[in-house]
Amino acid sequence: MNNTILSITIALIFGIGTFLILRRDIIKIIIGLSLISHAVNMLIVSTGVFDGEKAPIITDSHHGSGSEIIFTDKLSEGILAPIVPSGMETPFVDPLVQALVLTAIVISLATTAFILILAYRIHEEYGTTDIRKLRRLRG
Amino acid sequence: MNIQEHLPILVIAIPILMSALMIMLRSRPTFQKTLNIIVSALILIMSVILLLQVWNSGIQVYEVGEWGKYGIMLVADLLGSGMVVLSSGISLLALIYSLDYIEGKSLNTTYHSLFNLLVAGLNGTFLTGDIFNMFVFFEILLLSSCGLVVASENGGVTKVSDKMEATFKYLILNIIGSMLMLVAVASLYATVGTLNMADLSVKISALSQAGTMPWHIYFIALLFIIVFGNKAAIFPLHYWLPDVHPTAPSPISAMLSGVMIKVGAYGILRIYFLVFKDALFLLQPIIILLALITIAIGAIAAVGQKDVKRLLAYSSVSQIGYVFLGIGMGTAYALAASLVYLVNHAIAKSMLFLTSGGIIHHAGTRDMHQMGGMVKSAPLMSSMFLIGAMSIAGLPPLGGFIAKFVLFDAAILGEYYLPVLIGFAFAVFTIFYMFRAWLLMFWGEVRDSEKYGPYSSHGLSPMITVPIIILAAAVLVLGVYSEPLIALSSEIANQLLDPQPYINAVLGGSVR
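Every value quoted in this text rests on a predicted model; they were computed, and no experiment measured them.

## Quick notes on the overall build of chain A
Scanning chain A from terminus to terminus reveals four helices and zero strands. Going from N to C terminus, chain A has its helices and strands arranged as α-α-α-α. Across the 139 residues of chain A, 32% fall into the buried class. Sequence-distant contacts, at least 24 apart, represent 60% of the contacts inside chain A between residues at least 6 apart. A total of about 8,400 Å² of accessible surface is found on chain A, and carbon and sulfur atoms cover 62% of it.

## Examining the UniProt feature "transmembrane region" (unreviewed entry) in chain A
All names here are of chain A. The UniProt entry lists residues 6–22, 29–50 and 96–120 under the feature "transmembrane region" (unreviewed entry), expressed in the numbering used here. The straight-line gap between the two end C-alpha atoms of residues 6–22 is 25 Å; of that span, 94% is helix and 0% is strand. When the span residues 96–120 is considered, its composition is 100% helix and 0% strand, and the gap between its end C-alpha atoms is 37 Å.

## A closer look at the packing of helix H14 (residues 332–363) of chain B against helix H20 (residues 483–497) of chain B
Residues and elements named next belong to chain B. Between H14 and H20, whose axes approach to 8 Å, the crossing angle comes to 130°. Taken together, the axes of H14 and H20 are oblique relative to one another. Classified by chirality, the crossing of H20 by H14 is right-handed. When H14 is examined against H20, the residues Ala332, Leu335, Ala336, Leu339, Val340, Val343 and Asn344 are found in contact with a partner set consisting of Leu485, Ile486, Ser489, Ser490, Ile492, Ala493, Asn494, Leu496 and Leu497. Of the residues assigned to the contact of H14 with H20, the class counts are twelve nonpolar, four polar and no charged.

## Focus on the interface of chain B and chain A
With 41 residues of chain B at the contact, the number on the chain A side is 41 residues. Here chain B and chain A share an interface that buries about 3,700 Å² over both sides, 76% of which is from carbon and sulfur atoms. Three residues, Glu165, Phe168 and Tyr189 of chain B, lead the burial of chain B against chain A; their summed loss comes to 18% of the area buried on that side. The interface formed by chain B and chain A includes zero salt bridges.

## Let's talk about the packing of aromatic side chains
All names here are of chain B. Under the counting rule described, the total for this entry stands at 19 aromatic pairs over all chains. Their ring planes at 45° and their centres at 5.5 Å tell us that phenylalanine 132 and phenylalanine 135 sit as a pair that is tilted. With phenylalanine 132 and phenylalanine 135 both in helix H5 (residues 131–149) and three residues apart, this pair spans about one turn of that helix. Overall, the relative accessible area of 6% leaves phenylalanine 132 in the buried class. These aromatic residues form a ring-pair network of at least three members: Phe138, Phe224, Phe228, Tyr272 and Phe276. Above the ring of phenylalanine 31, the side-chain terminus of arginine 28 is found at 4.9 Å from the ring centroid. Here the guanidinium or amino end of lysine 231 rests over the ring plane of phenylalanine 138, the centre of that ring lying 5.0 Å away.

## What about the packing of helix H12 (residues 280–303) of chain B against helix H18 (residues 417–442) of chain B?
All names here are of chain B. For the pair H12 and H18, the least separation of the axes is 9 Å and the interaxial angle reads 25°. Judged by the inter-axis angle, H12 sits roughly parallel to H18. Seen along the crossing, H12 lies across H18 with a hand that is left-handed. Across the interface between the two elements, Ile288, Leu292, Ile295, Ala296, Ala299, Ile300, Ala302 and Val303 from H12 touch Pro419, Ile422, Phe426, Phe429, Phe432, Tyr433 and Arg436 from H18. A breakdown of the residues in the contact of H12 with H18 according to their chemical character gives 14 nonpolar, no polar and one charged.

## Description of the confidence of the model for chain B
Overall, the predicted model of chain B reaches an average pLDDT of 87, with 96% of residues at or above 70. Model confidence for the complex is summarised by a pTM of 0.91, with the ipTM given as 0.86.

## Thoughts on the nonpolar core
Residues and elements named next belong to chain B. If you look at the biggest cluster of nonpolar residues, it comprises 219 residues, and the most contacted ones within it are Phe224, Ile271, Tyr272, Phe276 and Phe385. If you tally residues by element for this core, the top one is H14, at 19 residues. In contact with phenylalanine 276, other than residues within four places in its own chain, are Leu188, Ile204, Ile217, Ile220, Ala221, Phe224 and Ile271.

Rules of the game
- Residues numbered from 1 in each chain as written.
- Chains lettered and ligands numbered in written order.
- Predicted model: local features only at pLDDT ≥ 70, side-chain atom pairs only at ≥ 80, totals over all residues.
- Heavy atoms only, no water.
- Helix = DSSP H or I, 4+ residues; strand = E, 2+ residues; numbered from the N terminus.
- Buried < 20%, exposed > 50% of the residue type's maximum accessible area, 1.4 Å probe, protein only.
- Contact = heavy atoms within 4.5 Å.
- Areas by Shrake-Rupley, 256 points an atom, 1.4 Å probe, with all protein chains shown as cover.
- UniProt positions renumbered as here; feature names shortened; annotations may be inferred.
- Axes fitted to C-alpha atoms, helices over the stretch in contact; angles between N-to-C directions.
- Parallel < 35°, antiparallel > 145°, perpendicular 65-115°, else oblique.
- Left-handed = near helix turned anticlockwise from the far one by under 90°.
- Nonpolar A, V, L, I, M, F, W, Y, C, P; charged D, E, K, R; others polar.
- Buried area = accessible area lost by both parts, 1.4 Å probe.
- Salt bridge = Lys/Arg side-chain N within 4 Å of Asp/Glu carboxyl O.
- Phe/Tyr/Trp six-rings, centres within 6.5 Å; stacked < 30°, edge-to-face > 60°.
- Lys NZ or Arg CZ within 6 Å of the ring centre and 35° of its normal.
- pLDDT = per-residue confidence, 0-100.
- Core = buried A, V, L, I, M, F, W, Y, C linked by side-chain atoms within 4.5 Å.

Shown next, in the form of structure tokens:
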């Protein structure tokens, strides 16, 4: 249930972002790009083992032989690590996706800052933010 | 603590460090320039040592942070370290060229810093063994190249508003490409739970052999065509290139057209032949089709141009199509041919863009119809442009001839007769538009050479001519004595088709 709502949310944000990118105003395009980057961040979070209440900390008790989480590959048996059997209660969430999302957020902050400054300079040069009037190059 | 073990991280870390240092040294321009040239030459020497080391003793693996395959790894195989040598060579020459070409105010403040970031991004992309890390280096490349495209040159050859508009297109299209790459990377992570490319390769081939390969792996592979096709500007995604590459200052155009679009070709080679080798049967016809359309569209559009840099940019679109044609055919000989083509195009096209900077400053205009008879007043530029044009057009004895010959030979041996026919037809187009440009600019009546256009002219200095002459010598040497390059490319192609040594080097003994 939780995952279904999450998927629908990601899809909706992607859709709204794409709609905004296809508008004519530069500012709307930039807002659309930010929305798409948020949707992608949510997608990355949802690819990890996702549960609302747990922390990304693996203690020794999880790493021992008693737990069902597999940490090393056994390719001959078709087991790919790190993996959690379906239906099993996970004691932690995936720590890697948070690192990935943090990187993606920082990068999207940098690109958004750059593109906002560029939009400001374009407004200074052309006196408009309508991309139909920005056609001096032939493309 | 042997310094040679640390070469893969040094060629990335030193430019990043220099980029911070250059901002601090902005009040001492002379020291800044000297230091940057020395460090660039040092990076070139280090990359050559790295290539020799890889050639002699196999693939070098560098674990950053000792986390094994769960952390970030730098892997220097022959393809990666060869591309690093190519990019650091061209970037050293472009840097020397830009010291006199870029306007002083822009040069002393941010130019050196951004240029070092660009070098770091290129080296990082070529050496990383981690697919998410490749995304991070793509973003470093994107932002630093955007900052460099808007740098202003001496004489105001390009209007500021043009630069803004071109950068806006470049930035928007490449951000969308990066977002698609993140979606693809996240989907790969959700499917097989790893980001290391060698690990991905092992797990996907294990899934494929067990017969449980999920169907969406094919869609992820198709998404990567969009991502790398956008970087390399192949057919449906090439519209930004003819705006961005001409509006950038000439040394940056040389970097963009010479090395940056090769990043897309490198990504396709790396990702498809390592990770998605089980999906290649589906992808190869698509790549060949897109490559042929790219060749045709680039060549046809280049014929009608009157701006010299725009013609060269459309020519880049056409030539990257030939590289992708070789990649699409996928035999060992075709891959080697495609790599030979890539190196030859990188050197000849960067030389042509550097030469076009000199031509524009001599003539004071970018419109080829307003130039004419410059063969007497600019003999050096004229002969250099002729060498570059002959190499791109594929006339012997220059490097481009060997590249085209090997590529068509590989295609005929692989029985791809229709692609050869189309490629050959548009190779004739290449000869036509390149010599039309040369005739328009250097032959014919001498025009009023002082007052062509609104730009102030800027004399040629050794800083500008020496890099062009070095690149022209490289083009000649690659044409006359091409055996080492072909041998290296064949070795790289064999490594690409058999990735087991790569996987063993990355995964062997690294699991904690």
